[in-house]
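# Summary of structural features
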Amino acid sequence: MTEQNRGPLNLVLIGGSSGSFVIFEQILKLATRPLPCAVIFVLHRGKSSMANFPFLFKAKTKVRMEEPQHLDPVENDCIYFAVPDYHLLIGPDKRFYLDDTDKDFFSRPSIDATLISALQSGINIRAAMLFSGASQDGALGLKLIAEKGFATYVQNPDFAEVPRMPAEALKQYGRHHILDDKTIFEEIRSVLYSYST
Amino acid sequence: MVLLEYQELELLITKVREISGFDFSGYARPSLLRRASRYLTKHAMDLSELHIHIEQGGKTVYDFIQELTVNYSEMFRDPDFFISVRSEILTYLASYPAIRLWIAGCASGEEAFSMAILLKEAGLFDRSLIYGTDLSERVLSSAREGVFGLGHMRTFSENYMLAEGKNSLSDYYNVAYNQAIMDPNLRKNIVFSLHDLTGDGVFNEFQMVSCRNVMIYFNLEQRQKVFKLLYESLGMFGFLCLGKRETLRYSGVEENFRIIDAHLNIYQKIK
């Protein structure tokens, strides 16, 4: 273990669907070691998708990337990608749990499932963010996280390739911080590397 | 949406154990929490109502157990898995005079029927016996009937084709009243019976055990116990098949197996 991941665990939860892939790539480019948080990406993808994200993105960042298996520990200084066809839950014991209950909004992995489990785990959530997509998934989880006083961010629907997902999040809760096109990556960088919790 | 807290879940687990004897203690809590929350939402119930229903006995507690343990299944789920079973396992087992397979956590029998078809097409069905077990009598009785909603058959047929099946899946069932009734000949060599992986022990020796997407129900400690049971249920050089995203990591029996297919999580017992 490095110095960084001996510190208290901080979660940064990032959800997206159609139109989010490119943003995810940009976020990965911002990530350098040591990363003082665990970044967890949940991207909607088909159940037969065999794309291995850590492999696909390996030129983008030097930070360790994983597709977590059931019971793998959640650690700072690592980036995780939810695998297709399972919900990715986070337990109070700081481990990942795979789950194959029904889909939420036709999606497995569902963003809500990950967000809600993170909230219930009691682990500190540094930030939760929602980007472009054609689904309502994530809006409820993001609202619940905001209501508990954690920082929440939503891509400005005007700049999202598919506005439905961020728009729905704002409809359900009007006080998410809005990420505008010009400053989006600066802001995300400061979220990843802020040492205040 | 009703959201539960972990403390509330623990009280619920205790209550269910007192009333029904069913013990959820080895189950993965985050998943149970999600399932219990969904149960309450679906039945428009709050936690205190659920407690009252459970205390009164009757069918609610069994409904609740059922919904928290039922696993999702398709025929030929993960088609490439069946391709690998055909090329890596069945070719190996072809020299055996008798083949016993165990589908642990078989739900309504989708995988047991898939395996029967695979064996039939490999010419091994007549000397094979498939045991499908589950902890729920309700899903087992549906499995024994071998009847599936016609609506599901389209996905199942696509899976079957992707699994490089030799015929058409419809060759193995008849349609009546909007349902697909599996060929009774396939049922002949399948035994469906009650078995709880968290409580029951070894009941036979198998050349292959398939336990896919079941381990994700358990916590670390319970999972190791179940792995030990599966290990002891396999004959030497028998095969263990896990779900697409399940490996022997944290199983306690890693040393006793060699990897046959690293992507599809097929292992062979070697000591």
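Note that the coordinates shown come from a computational prediction; the quantities given were computed from them, not determined experimentally.

## Observations regarding the overall build of chain B
Along the backbone of chain B there are 10 helices and 10 strands. Computed over the C-alpha atoms, the radius of gyration of chain B is 19 Å, within 12% of the 18 Å expected from 2.2 N^0.38 for a compact globule of 271 residues. Residues counted as buried form 42% of the 271 residues belonging to chain B. Looking at chain B alone, contacts between residues at least 24 apart form 77% of all its contacts between residues at least 6 apart.

## Concerning the overall build of chain A
Along the backbone of chain A there are 6 helices and 9 strands. In terms of its C-alpha atoms, chain A occupies a principal-axis envelope of roughly 40 × 35 × 35 Å. Taken over 197 residues, chain A has a buried fraction of 52%. For chain A, the share of sequence-separated contacts (at least 6 apart) that also reach a separation of at least 24 residues comes to 73%.

## Overview of the interface of chain B and chain A
Listed as interface residues are 22 residues of chain B and, on the opposing side, 19 residues of chain A. Broken down by element, the side of chain B that touches chain A gets its largest block of residues, 7 residues, from helix 2 (residues 29-42) of chain B. Residues that form the side of chain B that touches chain A fall into these classes: 11 nonpolar, 4 polar and 7 charged.

## Focus on the pairing of strand 5 (residues 87-90) of chain A
All names here are of chain A. Judged by which residues are buried, strand 5 turns out to be covered on both faces: H87 and L89 on one side and L88 and I90 on the other are all buried. Where strand 5 and strand 6 (residues 96-99) come together, 4 bridges link them in antiparallel fashion. Paired with L88 across the strands is L98, a residue of strand 6. What sits between the antiparallel neighbours strand 5 and strand 6 is a turn of 5 residues, in which K94 has the positive phi angle 60°.

## Observations regarding the sheet that holds strand 4 (residues 173-176) of chain B
Residue and element names in this part refer to chain B. Reading across the sheet, the 3 strands line up as 3-5-4 and stay open at both edges, with antiparallel pairing between neighbours. A single partner strand is all that each edge strand has here, and the edge strands are strand 3 (147-149) and strand 4. In this sheet, adjacent strand axes meet at a mean angle of 30° when their direction is disregarded. In terms of strand pairing, strand 4 meets strand 5 (residues 179-182) through 4 bridges, oriented antiparallel.

## A word on the nonpolar core
Within the largest apolar cluster, 136 residues are counted, with the highest numbers of intra-cluster contacts made by V39(A) and A116(B). Tallying contributions element by element places helix 6 (residues 110-121) of chain B first for this core, with 7 residues. Among all residues touching V39(A), those that are not within four sequence positions of it are V12(A), I14(A), A31(A), I79(A) and Y80(A).

## What about the sheet that holds strand 3 (residues 64-66) of chain A?
Residues and elements named next belong to chain A. With parallel pairing, the 7 strands of this open sheet are ordered in space as 3-4-2-1-7-8-9. Here the strands that pair on one side only, and so sit at the sheet edges, are strand 3 and strand 9 (177-179). Sheet twist, expressed as the mean angle between neighbouring strand axes with direction ignored, is 20°. Pairing geometry for strand 3 and strand 4 (residues 78-81), over 3 bridges, is parallel. Opposite M65, over in strand 4, you have I79 as the bridge partner. Lying on the sheet, helix 4 (residues 139-147) is in contact with strand 7 (124-130) and strand 8 (152-155); it crosses strand 7 at an angle near 140°.

## Brief notes about the packing of helix 1 (residues 6-20) of chain B against helix 2 of chain B
Residue and element names in this part refer to chain B. Where helix 1 contacts helix 2, the two axes come as close as 10 Å, and the packing angle between them is 85°. It follows that helix 1 is roughly perpendicular to helix 2 by the angle criterion. Residues Y6, L9 and L12 of helix 1 form the contact with helix 2, whose participating residues are R29, L32, L33 and A36.

## Section: the packing of helix 2 of chain B against helix 4 (residues 60-69) of chain B
Residue and element names in this part refer to chain B. Running from N to C, helix 2 and helix 4 cross one another at 130°; their axes reach a closest spacing of 9 Å. Relative to helix 4, helix 2 is oriented oblique. By crossing handedness, the relation of helix 2 to helix 4 is classed as right-handed. Between helix 2 and helix 4, the residues in contact are L32, R35, A36 and Y39 and F64, E67 and L68, respectively. Considering only residue class, the contact of helix 2 with helix 4 consists of 5 nonpolar, no polar and 2 charged.

## A few points about unusual backbone geometry
Residue and element names in this part refer to chain A. R33 connects to P34 through a cis peptide bond whose omega is -5°. Mapped onto the secondary structure, P34 falls in the loop between helix 1 (21-30) and strand 2 (38-43). Look at the link from R108 to P109: it is a cis peptide, with omega at 15°. In this structure, P109 sits in the loop between strand 6 and helix 3 (111-121). One non-glycine residue, F106, lies in positive phi territory at about 65°.

## With respect to helix 8 (residues 150-162) of chain B
Residue and element names in this part refer to chain B. Across its 13 residues, helix 8 extends 19 Å between first and last C-alpha, which sits within 8% of the 18 Å expected from 1.5 Å per residue. Summarising the contacts, the buried residues of helix 8 are in contact with helix 5 (79-93). Where helix 8 ends, the next residue or the one after it, E164, has phi of about 60°, a positive value.

Thresholds applied
- Residues numbered from 1 in each chain as written.
- Chains lettered and ligands numbered in written order.
- Predicted model: local features only at pLDDT ≥ 70, side-chain atom pairs only at ≥ 80, totals over all residues.
- Helix = DSSP H or I, 4+ residues; strand = E, 2+ residues; numbered from the N terminus.
- Rg over C-alpha atoms; globule rule 2.2 N^0.38 Å.
- Buried ≥ 20, exposed ≤ 12 C-beta atoms within 10 Å, placed from the backbone.
- Contact = placed C-beta atoms within 7 Å.
- Nonpolar A, V, L, I, M, F, W, Y, C, P; charged D, E, K, R; others polar.
- Pairing = 2+ DSSP bridges.
- Axes fitted to C-alpha atoms, helices over the stretch in contact; angles between N-to-C directions.
- Core = buried A, V, L, I, M, F, W, Y, C linked by C-beta atoms within 7 Å.
- Parallel < 35°, antiparallel > 145°, perpendicular 65-115°, else oblique.
- Left-handed = near helix turned anticlockwise from the far one by under 90°.
- Expected span 1.5 Å × (residues − 1).

Treat this as a map of the structure, not an account of what it does.
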